[in-house]
Amino acid sequence: MLSPAMNERLTRVGPGTPGGELMRRYWIPIAPYSQLDDNPVRKVRILGEDLVLYKDNSGKLGLVGDRCLHRNVDLQFGIPDDCGLRCPYHGWLFNQEGKCIERPMEATPCGEIKQKLKAYPVEELGGLVFAYMGPAPAPALPRWDLFVWPNAIRQIAIMQINCNWLQCHENTGDPTHSAWAHGHMFQYVLKQQGRFEEATAQAEHTLHTRLKTGVGIKELYAHPTTHGFAKGVNYSQELGADSDYTRDHSTVIFPFYTQTGKTGAPRSEYQIRVPIDDTHTYHICYQVYAAPPGVEVPKQDSVPWYEPPRHDENGRPILDYVLAQDALVWDAQGPITDRSAELLGRTDVPIVLLRRQLDEQITRVEQGEEPINFFRESPAIIYGTGEAPDYSKPLLKHNFRKLYHKGFFNDDADRYGPALEMVKDLHRRIEEFELAQGTATATENAPG
Ligand code: FES
Ligand SMILES: [Fe+2]
């Protein structure tokens, strides 16, 4: 439970708010780069600011305020020029710094104009466009491992969620929701559809393990790491688990990333919770399908994007895949959930840490210090989990998510992805390689 004031502090993202000032110390992913192939000028709303992202004719990216200085025309209808973006109404030309550098029908030179469009630096990495909206100088764009890991196929799933970003992010501070949102609710939906038996016939189906993750919980653990925090669940045979064991859950990377799956695994993912404004979130699943040394991955010219559907053709919610189940419960907490009206339990231990870490980093910025994961220079690769892949360990036994060629893509958003056929072929080749090498391991059905 939080005080209403603390809830405001952690959730508001507009300019000048404590949380918004923290967010403005980070490079923020704002769009898949390949979206600019479809349309080189796009409106984006990030941290409560309305902006226009564009690629000009020289291939340079720009991000500027959305209203023309002349008479307020929305620049999402702008025309890319050789160096900047032109307003479609009277042709004023704005460069990457937001400065008007040409106004074709006016007698006086642009130099007389004191006003500028708002403008922010943008860079591309791993098929995503990132913006930095904070004070100059901009930090280095961190080269988080999944963005730069070689020998991998990638695709980007985007979704707009109609609630505050922290609700989405708290979901991964919450290992036990898996048993219900992805277990019992999943089961309920499949039974309603009359296809539970058929859909879950294979022992590796995610549902079986998701249900098991709710049984025999002894305690949850959570501890800070260099880049965020780690957490998981300790199980006890005495309390009904198959044995005494520990299951690590996904890694939280500050400020808004979660990594599921190991780097270098046949499937791993960043879930990125980008605040559009206080009550909307741009949710990015950055999906990576890597192969071990010895298996060649086909090269992609660009990283494709897709939008997994949340409703069927009759307007009914689609709830038979994991991301849609998460999206439902995030929305269902309300636009900004009232954390002063919560009743937290023992399973919320990691959420308490997540909130404390966020509050601490807001305080650092208030005190003029740099928050964690603020890099003046970025190494060639930064491992968010703190570990480089070690292929001598049985990394690849990492569960059903190396079996997409056998139908196991079906439980999550990946099933809608444009790279799915490539991924299925990759997983088939990984299996053949492992069998030939004698390194194939039994799959362990662990939730991602
Ligand atoms: S309104 Fe943009 S040039 Fe006139
Ligand atoms: Fe989930």
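Each value, and the rule that gives it
- Residues numbered from 1 in each chain as written.
- Chains lettered and ligands numbered in written order.
- Predicted model: local features only at pLDDT ≥ 70, side-chain atom pairs only at ≥ 80, totals over all residues.
- Heavy atoms only, no water.
- pLDDT = per-residue confidence, 0-100.
- Contact = heavy atoms within 4.5 Å.
- Axes fitted to C-alpha atoms, helices over the stretch in contact; angles between N-to-C directions.
- Helix = DSSP H or I, 4+ residues; strand = E, 2+ residues; numbered from the N terminus.
- Parallel < 35°, antiparallel > 145°, perpendicular 65-115°, else oblique.
- Left-handed = near helix turned anticlockwise from the far one by under 90°.
- Polar contact = N/O pair within 3.5 Å; in protein donor to acceptor, adjacent residues only side chain to side chain.
- Nonpolar A, V, L, I, M, F, W, Y, C, P; charged D, E, K, R; others polar.
- Pairing = 2+ DSSP bridges.

**Quick look at the confidence of the model for the protein chain**
Here's step 1: Summary statistics for the protein chain give a mean pLDDT of 93 and a share of 96% for residues scoring 70 or more.
Here's step 2: Contacts for the low-pLDDT stretch residues 444-448, under 50 throughout, to residues beyond four places or in other chains number 25 contacts.

**Some remarks on the packing of helix H6 (residues 177-192) against helix H9 (residues 322-331)**
Here's step 1: Packing of H6 against H9 brings their axes to within 10 Å, and their N-to-C directions diverge by 110 degrees. The angle between the axes of H6 and H9 places the two elements in the roughly perpendicular class. For the crossing formed where H6 meets H9, the hand is right-handed. Of the residues in H9, those touching H6 at His177, Ala181, His182, Met185 and Phe186 are Val322, Gln325, Asp326 and Leu328.

**Comments concerning the side chain of glutamate 434**
Here's step 1: Looking at the secondary structure, you find glutamate 434 in helix H11 (residues 420-437).
Here's step 2: In this structure the side chain of glutamate 434 is engaged in a polar contact, spanning 3.3 Å, whose partner is the side chain of lysine 402.

**Here we look at the packing of helix H1 (residues 4-11) against helix H10 (residues 349-366)**
Here's step 1: Across the interface, H1 lies against H10 with an axial gap of 10 Å and an inter-helix angle of 70 degrees. Taken together, the axis directions place H1 and H10 in an arrangement best described as roughly perpendicular. Packed against H1, whose contacting residues are Met6, Arg9 and Leu10, the element H10 presents Arg355, Leu358, Asp359, Ile362, Thr363 and Glu366 at the interface.
Here's step 2: Here the residues of the contact of H1 with H10 are counted per class, giving four nonpolar, one polar and four charged.

**Let's talk about the sheet that holds strand E11 (residues 128-132)**
Think of a sheet as strands paired side by side through backbone hydrogen bonds, with each pair either parallel or antiparallel.
Here's step 1: Taken in spatial order, the three strands of this open sheet run E1-E11-E10, and their pairing is antiparallel. The outermost strands of the open sheet, each flanked by one partner alone, are strand E1 (27-32) and strand E10 (122-125). Across this sheet, the average inter-strand angle for adjacent strands is 35 degrees, counted without regard to direction.
Here's step 2: As paired strands, E1 and E11 are joined by five bridges and run antiparallel to one another. Each residue of the ladder has a partner; that of tryptophan 27, found in E11, is tyrosine 132.

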